[in-house]
Amino acid sequence: MSNHNLFVALRDAFPADLDRTAVETDDGLVYSWCDLDRATAMVANLIDSLDLPAHSRIAVQVEKSVEAMVLYLATLRAGHVFLPLNTAYQSAEIEYFIGNAEPAVVVCSPKNHGWVSKIAFTAGTAFVFTLGDDRTGSLLDRAAHMSDRHTPAVRGSDDLAAILYTSGTTGRSKGAMLTHGNMLSNARVLRDHWGWRPDDVLIHALPIFHVHGLFVAIHGALINGSKMIWFSKFDPKRAIAKFAEATVFMGVPTLYVRMLAEPTLTPAQARHMRLFISGSAPLLIETFTEWQVRTGHTILERYGMSETVMLTSNPCGDDPRYPGQTERRGGTVGFPLPGVELRVVGDGDQTVAQGEIGGIQVRGPNVFKGYWRMPEKTAEEFTADGFFKTGDVGRVDEQGYVVIVGRSKDLIISGGYNVYPAEIEGYINDMPGVAESALVGVPHPDFGEVGVAVIIPKPGAAVDPDQVIGVLKSQLANFKIPKRCWVVNELPRNTMGKVQKNLLRDQYKGEFA
Ligand code: MLC
Ligand code: AMP
């Protein structure tokens, strides 16, 4: 029986000369392909030594480091399920994820060990390790005693490789279950579609707890045996300086906006680069055009989500399915990737005519298996013929380019992070003196979109907006905090009594202009 473990495919793509550099960090560390192989073996052997039940979840909330990537790869290698958590999440958020996923192992930053281990052990987690961003912590201490040889666990393509928490339309976060097959098929498609070459060098500047930085970027480099220049935190000046040594950059639009503000961004500085890729949030046409002028390169915009990895991409070269259509078109997310079926539907799931707007549905080997322990929710999000309802609204233009025009899900995407209004409104509504609240997304020059809160106080009560923000900061991840807050007497409503968020968005859209 062949082994469909994603790690095996990634490892097979390592270059023959394992002494070559695989990763170089912004603070001067160099890791060879041999280092990655040995380190993942040692951590996988440590995981094996714990005698975990098959398909155990390993939940990880640590700062970005090459060792954190090693832990991800080792989890695959050992055949367990990786559960990455945003480092901004605070205790109530972590408590929910750990309670819901019931991980057998939790790995956290040394500084958070006290509170995270308390949550984990209370939820029944058997092992808690620490991993610092400076190669400290109990995980590596323990792994140092392990063998650097390891035979990867045998996994089928339908076996789980990762769970990514995401909220859909309503309610608590749901764990999107991605399989080895989902991720490997997508990595292979992107390898071919984006014309990766073994001599490509990727600037890795994104966080590694979401699809973009963890899967698209890391798998992209590894499955091509390509080197990564690794930034623990994005810094526009330093990223631009590295263009001279790199060929591929991936970023959310905010990263491009911030680099455009740097005078060092010039065509000469970007001459060595081959490909700039943007995704996770809409790229404004102004950013797309300005980038062309400032660097001579056309950004390739693509579209995806946690449940599906990548779905569409602008062209990178000739695509036999779209002969002669090599234009990367701003304001579009390109064509469905090979193997991805995409349709736009109106009410009643009827496909609309080409060019008309409707809900985007997708089907393909990249589409996830379902939401963790939520069979009803999973069933609701799929059609009878197996298409996944993305919650994005768009159209396919006459040449076949997909254009995203909005979302039917109530979601704000701020600097590439998702903020679910219902969650934040819930916290605000629980505060004393608050009768009701609405969070809406408004345009923002840096983050693209940010959340602002509009609050109605209870009769006779006084609500202080600064205090609301202060309380939220103590409860929620920082990127979820509304950038501004207003206390008003009433919210606009339709005849059914439902708050008309479109009117609020309109009212406050100029706040950060
Ligand atoms: C930081 N802040 C944000 C924010 N990031 N506010 C709103 N939205 C964000 N995204 C706020 C903090 O709360 C803080 O506020 C202040 O900015 C400084 O925090 P920081 O951590 O120092 O910020 P910075 O390092 O500048 O981070 C900005 C960023 C980061 C753009 C580099 O947000 C980022 O890395 N975004 C990428 C997200 C990503 O990878 N998404 C991929 C999802 S996958 P205060 O008030 O406390 O000072 C996906 C699927 C797909 O969507 O298709 O790819
Ligand atoms: P996530 O749940 O973090 O995976 O976010 C996925 C969502 O990000 C998608 O459903 C889209 O709404 C949005 N998204 C991703 N890429 C793009 C893009 N290029 N343009 C517009 N929206 C995007």
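Anything mentioned here points back to the structure above.
For every chain, the first residue of its written sequence is number 1, and the numbers climb from 1 along that sequence. Starting at A for chains and at 1 for ligands, labels are handed out in the order in which the entities are written. Only residues with pLDDT of at least 70 are given local features in this predicted model, and only at 80 or more are side-chain atom pairs given and counted; all residues enter the totals for whole chains, interfaces and linings. With hydrogens and water stripped out, all remaining heavy atoms of the structure feed into the side-chain values.

## Some points on the packing of aromatic side chains
Argument step 1. Any two of the Phe, Tyr and Trp rings considered here, Trp counted by its six-membered ring, make a pair once their centres fall within 6.5 Å; the pair's planes then place it as stacked at under 30 degrees, edge-to-face at over 60, or tilted in between. This model, assessed by the stated rule, comprises 23 aromatic pairs.
Argument step 2. Each ring, one from Y89 and one from F97, has its centre 5.0 Å from the other, and the planes form 40°; the classification is tilted. Like F97, Y89 is buried.
Argument step 3. Aromatic side chains F276 and W291 sit 5.1 Å apart centroid to centroid with 70° between the ring planes, which places their arrangement in the edge-to-face category. Of the two residues, F276 sits in strand β12 (residues 275-278) while W291 sits in helix α11 (residues 285-295), which places them 15 residues apart along the sequence.
Argument step 4. Two conditions define a charge located above a ring, namely a distance within 6 Å from the ring centre to NZ of Lys or CZ of Arg, and an angle within 35 degrees of the ring normal. Taking the ring centre of Y371 as reference, the NZ or CZ of K174 above it sits at 4.8 Å.
Argument step 5. Over the ring of Y401 we find R329; its NZ or CZ atom is 4.2 Å from the centre of that ring. Note on exposure labels: buried denotes an accessible area under 20% of the residue type's maximum, exposed denotes more than 50%, and partly exposed covers the range between, all computed with a 1.4 Å probe on protein chains only. Helix and strand assignments follow DSSP, with helices taken as H or I runs no shorter than four residues and strands as E runs no shorter than two, numbered in order from the N terminus.

## A word on the site of ligand 2
Argument step 1. Think of it this way: one heavy atom of a residue within 4 Å of a molecule or strand is enough to make that residue near it. The full set close to ligand 2 counts 16 residues, and R302, S306, D392, K409 and N418 are the nearest of them.
Argument step 2. The contact in question runs from a nitrogen atom of ligand 2 to an N or O atom on the backbone of R302, over 2.7 Å.
Argument step 3. Interatomic distance of 2.6 Å between a side-chain N/O atom of K409 and an oxygen atom of ligand 2.
Argument step 4. Protein burial of ligand 2: of its 500 Å² of free accessible surface, 92% is covered by the chains.
Argument step 5. It is strand β13 (residues 300-305) that contributes the most residues to the shell around ligand 2, five residues altogether.
Argument step 6. Gly is placed with the polar residues, together with every amino acid not listed as nonpolar (Ala, Val, Leu, Ile, Met, Phe, Trp, Tyr, Cys and Pro) or charged (Asp, Glu, Lys and Arg). By residue class, the composition of the shell around ligand 2 is six nonpolar, five polar and five charged. Side-chain atoms alone can form a polar contact between residues adjacent in sequence; in general such a contact is a pair of N or O atoms within 3.5 Å, and within protein one must be able to donate a hydrogen while the other accepts it. Note on areas: Shrake-Rupley with a 1.4 Å probe; residue coverage comes only from the protein chains shown.

## Quick word on the pairing of strand β5 (residues 105-108)
Argument step 1. Burial of β5 is two-sided: the residues V105 and V107 facing one way and the residues V106 and C108 facing the other way are all buried.
Argument step 2. Strands qualify as paired when DSSP identifies two bridges or more between them. Here strand β3 (residues 57-61) runs beside β5; their pairing, made up of four bridges, is parallel. Among the inter-strand pairings, Q61 is bridged to a residue of β5, identified as C108.
Argument step 3. Of the pairings in the sheet, the one linking β5 to strand β6 (residues 127-130) comprises four bridges and is parallel in character. Along β6, the bridge assignment pairs C108 with T130.
Argument step 4. Convention used here: a crossover is right-handed provided that the path from the first strand, over the helix, to the second strand proceeds clockwise when the strands point away from the viewer. Chirality of the crossover, the property in question, places the unit of β5, helix α5 (residues 113-122) and β6 among those that are right-handed.

## A look at the sheet that holds strand β25 (residues 484-487)
Argument step 1. If you walk across this open sheet you meet the three strands as β23-β24-β25, and the pairing is mixed. The outermost strands of the open sheet, each flanked by one partner alone, are β23 (434-444) and β25. Neighbour to neighbour, the strand axes of the sheet diverge by 25° on average, direction disregarded.
Argument step 2. As paired elements, β23 and strand β24 (residues 448-457) share ten bridges and run antiparallel to each other. Pairing of V434 across the sheet is with P457, part of β24.
Argument step 3. Together, β24 and β25 form the strand contacts of helix α14 (residues 465-475), whose direction differs from that of β25 by roughly 135°. As a rule, the C-alpha atoms of each element are fitted with a line to give its axis, helices using only the stretch in contact, and angles between N-to-C directions run from 0 to 180 degrees. Whether two residues are in contact is decided by their heavy atoms: any pair within 4.5 Å suffices.

## Focus: the sheet that holds strand β9 (residues 201-204)
Argument step 1. The strand order across the open sheet built from nine strands is β2-β1-β10-β9-β11-β12-β13-β14-β15, with neighbouring strands paired in mixed fashion. Strands at the two margins of the open sheet, each flanked by one partner only, are β2 (30-32) and β15 (335-336).
Argument step 2. Bridge count for β9 against strand β11 (residues 248-251) is two bridges, and the pairing is parallel. By the bridge assignment for β11, L202 is matched with V248.

## Details of the site of ligand 1
Argument step 1. Taken together, 23 residues form the shell around ligand 1, and within it K233, R258, S280, R302 and S414 come nearest.
Argument step 2. At 2.9 Å from a nitrogen atom of ligand 1 is found a main-chain nitrogen or oxygen belonging to G416.
Argument step 3. Contact distances for ligand 1 include 2.8 Å between a nitrogen atom and a side-chain N or O atom of K483.
Argument step 4. Across the complex, the protein chains shield 75% of the 1,000 Å² of accessible surface that ligand 1 would expose by itself.
Argument step 5. Elements that contribute at least two residues to the shell around ligand 1 include exactly α8 (211-222), α10 (253-260) and β13.
Argument step 6. Per-element tally for the shell around ligand 1: the top contributor is α10, with three residues.

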